[in-house]
Structures are given as structure tokens and as C-alpha cells.
Amino acid sequence: METTKKFKNPPLTEAVFELFYQTSTWNPATPGIYYSKVNKDYPIITQSGGGFGIALGAQGVQIGSGNNNLTQLKSHDNSSIIQLSNNLFTVNKLPKYNGWESYKEMILQAVELLYSTIDIQQINRIGLRAINKLDVKAHSLENFKRSFNVYPNMPNGIVNDFNSLQLNYETQFPNNEVLAINFTTLRKEPSYEAPVQFQLFYTKLSTIDKSYIEKWLDNAHMQLHSAFDHIVTKEQKEEFDND
Amino acid sequence: MINSIYTKQGQSSSLLDEDYTNDKLAAVVEEEVPVSILDSGYLSSIELKREKIRREYAQLFQFTDRTREVDFISTNNDLNKILPSIGEFFKKEVSKGSMMSLELMEEENDWKTLFINIPIRSGADWSGINEIVDSFYDNMFDLFPTVMEKLNIDLVSHEF
């Protein structure tokens, strides 16, 4: 497998593995059963209503009572998170990211335990996402081009510059797979004068057998790594290695 | 649909986003239907959820911390559904357009309360403001008890 370069100050703010699935064995106790299997590594548990509904209960009108409750299981330092609902399973890694092999192992273990908890009839979609945040110092075309090899091309005389942009690219790959790329300028925030969120997403929009997940993950990671490598300029990459 | 607005005006640093907050009622009741494959990221990503909340509340509140209040809102869906409307109400009726702030306070037994800090201009009609806030508490506790038990209103005298 291709070795990925580790930067001193990587721009990755989150890695996300996501699985949309169908199951007939989900019940309200499922998050608790899953939690009992992972609580050593993910001791913090919270639950939020993912759906939206209105119910009249003993305490009056209650909202947010949809049946897509999302359970979050977090590590001690809140940097590793598993999210679980009746049709969505995610494994999220916030900084500090310890490299692909470590993250892949985390995903595969979490998926194995999911399969031992419920009967998954079908995976509808699988995806791997890398969310990066870079400081381009000023939201201008010139600075954007200094960081990225992908940029908007506007006709002369119409627009010469920008102070805000959102770009989405979606490219079809064989086997119903898609590489999606997004650039979004964000508001100024502490430590970022002119942040740009740079998202890479590789997904398969059809069913996949469990035995194929690891192979799919390696390929997805390779696609994301290749896209990152081609899109981010050499000058910007050198900045990731500055102290 | 709300999601199409995200798609067209989704960038947080964009002035276009201000139009989004004007449509507060739609933001509360409309379902979100992704129109791009990237939009589903709000379901799975912690960071994208945070950015979405920061963007949605940018015209109403400042966050005291970069992630604490945002994560609390993100994991309390019932609160997130009506907080924009509450913010619009107080911005119009009490703070008179001044920026409010959100501050999460952690008490014993892991109990968390989100404070809405509302700046009150000097010379403001305090009795009228207290009447509005008292009435708000009475009505909202009856309608949304599970939301209101997570909220507190703090009126802050502010010299402008």
C-alpha cells in the first residue's frame, strides 16, 4: 500500500467513515448493547434525537422525538467517536490523527462489533471522508491559487476576485463509486485568518459485502490521498511542515 | 427546501448567508433533503455539524467557546430546533438587534445549562423587559419543558 506522508501540522480536522445500512433487528436496547462492547475505549455516551417529531407526553408537548435517535460513544479525550442509529453507523477521528493504519483498525473493530450486535441485511452506502481546514491568509483568488491547484476560472472583466466561495466537484468512478471534493471559505476564527474547509469524500452508492470492506477502505484511502496530493500545492504542503 | 439554500449559499463567510437566517420559520420546520452527495456529511461528520450550527447561529449569537456550546446544541436536537426562533424573538424584543452570546455552564452531576446572555442597553425599560422574559418562561415551560430545563436567560446591563 502507498505510504502517506505525515506532516508536522496536518490540516486534517476530521476523518469520517460512514455506513448506511438496513437491519430488521434494531431495537431501543441496541445502542446499550453495543456500548457494553466498546465502553472500555469509548466510555462517554450521549444520545440525541436525529429525527424530528412532536409528541404529547406527561410533560406537555415535546419536540425532537423522531425515531432516528443518534447515539454517540466517545473516547476519554473526545477525539475518537462512534455514532450509531438504526440506519447509520460512523467512526469519526478528530485530532490528533495517528495515521491511516491506526484509523483503519479502529474502523474495522467497530464494524465487527456492529455485525455482532445486529443483523445487517444490506449496506446501502459506504463512505470515507477527510475534512481539512487551511488558512489561506486572505480570501482572494491569488491566495487560493497559492494553496490549491483547483480554483474557479472566471471570465476577465466579469469577476476578477472573490471574498467567499463554495466549489463542489463530483466524479464518477467504476462500480458506482464517486469522488466528491468541496472547498468552502469559512469566517475568520481563532488561529485562522481566512479559513478554507477542504473536504474529500469517496463513497460507494450501492451494496457491499462485509468481507470486502477492508479492501474498499484501502482503495478509498488511496483515492483520497491521491486527490489531496494533486490538489494541494507544493508551497502549501511545505507550510504544513513548518513549526 | 432548506438544503437547497445551504447548497446555494452555504459558505459561512458569505454575506448571502444572512438571507438564510431570515427564514427562521422554515429553518425550524422544514426537513433537510440532500441535493448533493456532499450534503450528507452533516449526518455523519462532527466537524461539519459544528460548522453548520456556527453558520446557522452566526447572525444571532456569539459562542463563548469554539466548540463547547456548539457540541451541546448538536447533541440536543430538540433545543436546536427551537433555539433559532428563541434567538430571533429575543434579538427583536429584548436586545434590540445587539449580538447575544451563548455560554454553557456545567453544574454538579454533569448537569449542563445553556445561558443566553442578552445585552440590555442603558436606559432600557427594565420592567417591560422583565415582563417579556417572565412571560416567555411561563409559556415556553408549558410548551417545551425538556428544552427549557436546559436553558437560562441572563440579562446583562450593557453601556453602549
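Residues numbered from 1 in each chain as written. Chains lettered and ligands numbered in written order. Predicted model: local features only at pLDDT ≥ 70, side-chain atom pairs only at ≥ 80, totals over all residues. Heavy atoms only, no water.

Caption draft 1: Quick look at the overall build of chain A. Scanning chain A from N- to C-terminus turns up five helices and eleven strands. Residues counted as buried form 50% of the 243 residues belonging to chain A. Only carbon and sulfur atoms are counted for the fraction: they give 49% of the accessible area of chain A, which is about 11800 Å². (Helix = DSSP H or I, 4+ residues; strand = E, 2+ residues; numbered from the N terminus. Buried < 20%, exposed > 50% of the residue type's maximum accessible area, 1.4 Å probe, protein only. Areas by Shrake-Rupley, 256 points an atom, 1.4 Å probe, with all protein chains shown as cover.)

Caption draft 2: Structural detail: the sheet that holds strand E5 (residues 70-74) of chain A. Residues and elements named next belong to chain A. The nine strands lie next to each other as E2-E5-E6-E7-E1-E8-E11-E10-E9, forming an open sheet whose pairing is antiparallel. Where the open sheet ends on each side, the last strands, each with one partner, are strand E2 (44-48) and strand E9 (166-173). For this sheet, the mean inter-axis angle between neighbouring strands, taken without regard to orientation, is 15°. Packed on one face of the sheet, helix H1 (residues 30-38) meets E2, E5, strand E6 (80-84) and strand E7 (88-93) and runs near 10° to E5. (Pairing = 2+ DSSP bridges. Axes fitted to C-alpha atoms, helices over the stretch in contact; angles between N-to-C directions. Contact = heavy atoms within 4.5 Å.)

Caption draft 3: Region of interest: helix H8 (residues 126-143) of chain B. Over its 18 residues, H8(B) extends 26 Å from the first C-alpha to the last, a length consistent with the 26 Å expected when each residue adds 1.5 Å. Where H8(B) is buried, its residues meet helix H7 (77-93), strand E3 (112-121), helix H9 (145-148) and strand E4 (151-158) of chain B. (Expected span 1.5 Å × (residues − 1).)

Caption draft 4: The arrangement of the packing of H7(B) against H8(B) in detail. Residue and element names in this part refer to chain B. One way to put it is that H7 packs onto H8 with a least axis distance of 12 Å and a crossing angle of 160°. Here H7 is positioned roughly antiparallel relative to H8, judged by the angle of their axes. Judged by the twist between their axes, the crossing of H7 over H8 is right-handed. Seen from H7, the contacting residues are Ile 82, Ile 86, Phe 89, Phe 90 and Glu 93; seen from H8, they are Ile 132, Val 133, Phe 136 and Met 140. Of the residues in the contact of H7 with H8, the class split is eight nonpolar, no polar and one charged. (Parallel < 35°, antiparallel > 145°, perpendicular 65-115°, else oblique. Left-handed = near helix turned anticlockwise from the far one by under 90°. Nonpolar A, V, L, I, M, F, W, Y, C, P; charged D, E, K, R; others polar.)

Caption draft 5: Structural context of the packing of aromatic side chains. Residue and element names in this part refer to chain A. For the structure shown, the criterion picks out 22 aromatic pairs over all chains. Between Phe 173 and Tyr 202, the aromatic rings sit 5.4 Å apart at their centres with planes inclined by 85°, giving edge-to-face as the arrangement. Pair noted here: Phe 173 is in strand E9 and Tyr 202 is in strand E11 (residues 195-204), with a separation of 29 residues, a long-range link. Residue Tyr 202 is classed as buried on the basis of its relative accessible area of 1%. Through a chain of ring-to-ring contacts, three or more aromatic side chains come together here, namely Phe 7, Phe 144, Phe 148, Phe 162, Phe 183, Phe 198, Phe 228 and Phe 240. Its guanidinium or amino end placed over the ring of Phe 201, Arg 129 lies 3.7 Å from that ring's centre, counting from NZ or CZ. (Phe/Tyr/Trp six-rings, centres within 6.5 Å; stacked < 30°, edge-to-face > 60°. Lys NZ or Arg CZ within 6 Å of the ring centre and 35° of its normal.)

Caption draft 6: Local environment of the sheet that holds strand E2 (residues 100-106) of chain B. Residues and elements named next belong to chain B. With respect to topology, four strands assemble into an open sheet ordered E1-E2-E3-E4, the strand pairing being mixed. The open sheet has two edge strands with one neighbour each: strand E1 (61-63) and E4. The sheet shows a mean angle of 35° between the axes of neighbouring strands, taken without regard to direction. Against the sheet, H7 touches E1, E2, E3 and E4, its axis set at about 15° to E3. Packing against the sheet, H8 makes contact with E3 and E4, and its axis sits at approximately 170° to E4.

So, to be careful, I would describe these as geometric facts and stop short of saying anything about function.
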